[in-house]
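Chains, contacts and geometry: an overview
Now for the letters of each chain:
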Amino acid sequence: MANQSVSPALLRLPSVCAIVGLSKSQIYRLIRAGQFPAAIALGANSVAWPAEHVSAWVSEKINASLG
């Protein structure tokens, strides 16, 4: 199969909460502590997280719990 590039996706906060299983408050607490990827600004009042950053964080947590 040919190498297919996937276009980057941005996740809004409700999706991030659903994926990682944490509340909004806990996510922002972890960001302040440097333990969760920071959001990027989309506009004056909106932010999103790159899906690959969230996926990498989840993978890191899974790997840490396994060994």
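See the structure above.
Keep in mind it's a predicted model, so treat the numbers as computed, not measured.

1. A look at the overall build of the chain
Scanning the chain from terminus to terminus reveals 3 helices and 3 strands. In the chain, the order of α-helices and β-strands from amino to carboxyl end is β-α-α-β-β-α. Its C-alpha atoms put the chain at 40 × 40 × 20 Å along the principal axes. Counting every position in the chain, which comprises 67 residues, the buried fraction comes to 22%. As presented, the chain carries roughly 4900 Å² of accessible surface, and 55% of it is formed by carbon and sulfur atoms.

2. Comments concerning the packing of aromatic side chains
Taken as a whole and judged by the stated rule, the model has 2 aromatic pairs. Summarising the aromatic geometry, the rings of Phe 36 and Trp 57 are spaced 4.8 Å apart at their centres and angled 65 degrees between planes, so their arrangement reads as edge-to-face. Note that Phe 36 is positioned in the loop between α2 (24–32) and β2 (40–43) and Trp 57 in helix α3 (residues 51–66), a separation of 21 residues in sequence.

3. Examining the packing of helix α1 (residues 13–20) against α3
Contact geometry for α1 and α3: axes closest at 11 Å, N-to-C directions at 20 degrees. Between α1 and α3, the angle falls in the class roughly parallel. The two elements α1 and α3 cross, and the hand of that crossing is right-handed. Counting all contacts with α1, which are made through Val 16, Ile 19 and Val 20, the residues of α3 involved are Val 54, Trp 57 and Val 58. Along the lines of polarity and charge, the residues of the contact of α1 with α3 split into 6 nonpolar, no polar and no charged.

4. Considerations on the environment of Gln 26
Positionally, Gln 26 belongs in helix α2. Assessed through its relative accessible area of 26%, Gln 26 is described here as partly exposed. Taking C-alpha positions, Gln 26 is 20 Å from Leu 10, a pair spaced 16 residues apart along the chain. For Gln 26, the side chain forms a polar contact with the side chain of Arg 29, separated by 2.6 Å.

Basis of the calculations
Residues numbered from 1 in each chain as written. Predicted model: local features only at pLDDT ≥ 70, side-chain atom pairs only at ≥ 80, totals over all residues. Heavy atoms only, no water. Helix = DSSP H or I, 4+ residues; strand = E, 2+ residues; numbered from the N terminus. Buried < 20%, exposed > 50% of the residue type's maximum accessible area, 1.4 Å probe, protein only. Areas by Shrake-Rupley, 256 points an atom, 1.4 Å probe, with all protein chains shown as cover. Phe/Tyr/Trp six-rings, centres within 6.5 Å; stacked < 30°, edge-to-face > 60°. Axes fitted to C-alpha atoms, helices over the stretch in contact; angles between N-to-C directions. Parallel < 35°, antiparallel > 145°, perpendicular 65-115°, else oblique. Left-handed = near helix turned anticlockwise from the far one by under 90°. Contact = heavy atoms within 4.5 Å. Nonpolar A, V, L, I, M, F, W, Y, C, P; charged D, E, K, R; others polar. Polar contact = N/O pair within 3.5 Å; in protein donor to acceptor, adjacent residues only side chain to side chain.

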